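Structural description and commentary
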Amino acid sequence: QVQLAESGGGLVQPGGSLKLSCTASGSFYGIWTMGWSRQVPGKQRELVATITSGGNTKYADSVRGRFIISRRVSGNTVSLQMNGLKPDDTAVYYCNTDQPVRYMSMSDSPRYWGQGTQVTVSS
């Protein structure tokens, strides 16, 4: 069983920054890819950023240039630095991980998920 624990969510003003962190434990492999997804009630979950064990990253168009995903090589902790936050970024953010093959596209296909952390961008 893979466990993912997120932290760092909260309330931030538009244009502000917030950093999320996630640590994997249990049956997790450092070679696996890790990522962050977000979901707004009533809308489909969106995979916004992924990072491989070697540090190769991908971003959804909606966050590219504003968010930075990072981890140590083969590490079990992943972070998401969110800059220039907009009200539309408000969502529950979920850490996720799986074998790299599950991340061949930004299709939100990983099998293992954290419980989520709320990010609210509002003035």
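Summary of the structure given here. Note that the structure is a prediction, hence the values are computed from the model and not measured.

Re the pairing of strand β7 (residues 67-71)
Only one face of β7 is buried, namely the one carrying F67, I69 and R71, since none of I68 and S70 on the opposite face is buried. Pairing between β7 and strand β8 (residues 77-82): 5 bridges, direction antiparallel. Looking at the pairing, I69 lines up with L80 of β8. Linking two consecutive strands that pair antiparallel, namely β7 and β8, is a turn of 5 residues; a positive phi of about 60 degrees is found at S74 within it.

Brief notes about the pattern of salt bridges
Side chains that differ in charge, positive against negative, can pair when their charged atoms come close. A complete count under the given rule lists 6 salt bridges for this structure. Here D89 and R38 are joined by a salt bridge, their closest N and O atoms 2.8 Å apart. With D89 in the loop between β8 and β9 (91-98) and R38 in strand β4 (residues 33-39), this residue pair connects regions lying 51 residues apart in the sequence. Taking the relative accessible area as the measure of exposure, D89 reaches 2% and is therefore buried. The exposure class of R38 is buried, given its relative accessible area of 8%. Of the charged contacts, one joins D89 and R66 as a salt bridge, the two residues approaching to 2.7 Å between their closest N and O atoms. Taken together, the residues span a long stretch of sequence, with D89 in the loop between β8 and β9 and R66 in the loop between β6 (57-59) and β7 at a distance of 23 residues. Summarising the burial analysis for this pair, D89 and R66 share the class buried. Shared partners join several salt bridges into a network, and the residues in it are R38, E46, R66 and D89.

Re the pairing of strand β1 (residues 2-7)
Judged by which residues are buried, β1 turns out to be one-sided: V2, L4 and E6 face inward and are buried, whereas Q3, A5 and S7, on the alternate face, are not. The pairing of β1 with strand β3 (residues 18-26) spans 6 bridges and is antiparallel. Bridge pairing links L4 to A24 in β3.

Side note on the environment of S27
Positionally, S27 belongs in the loop between β3 and β4. For S27, a relative accessible area of 38% corresponds to the partly exposed category. Expressed as a C-alpha distance, the spacing of S27 and Q1, which sit 26 residues apart in the sequence, is 5.3 Å. The contacts of S27, once residues within four sequence positions are left out, are Q1, V2 and W32.

Re the nonpolar core
Counting residues in each nonpolar core, the largest one holds 27 residues, and the members touching the most others are M34, W36, I69, V78, L80, M82 and Y93. Put simply, the parts of the chain that give this core at least two residues each are β1, β3, β4, β5 (46-51), β7, β8, β9 and β11 (117-121). At 4 residues, β3 tops the list of elements feeding residues into this core. Each residue touching V78, except ones within four places of it in the same chain, is listed here: L20, S21, C22, M34, W36, I51, I69, S70, R71 and C95.

Criteria and thresholds
As a convention, each chain's residues are numbered from 1 in the sequence order in which they are written. Reporting of local features is limited, given that this is a predicted model, to residues whose pLDDT is at least 70; pairs of side-chain atoms are given and counted only at 80 or more, and all residues count toward the totals for whole chains, interfaces and linings. To get the side-chain values, all heavy atoms of the structure are used, and hydrogens and water are removed first. Residue exposure (1.4 Å probe, protein chains only): buried if accessible area is under 20% of the type maximum, exposed if over 50%, otherwise partly exposed. Only DSSP runs of H or I covering at least 4 residues are called helices, and only runs of E covering at least 2 are called strands; the numbering of each starts at the N terminus. Pairing between two strands requires that DSSP report at least two bridges joining them. One side-chain nitrogen of Lys or Arg within 4 Å of one carboxyl oxygen of Asp or Glu is enough to make a salt bridge. We call two residues in contact when some of their heavy atoms are within 4.5 Å. Put simply, a nonpolar core is a bunch of buried Ala, Val, Leu, Ile, Met, Phe, Trp, Tyr and Cys residues held in one set by side-chain atoms that sit within 4.5 Å of each other.

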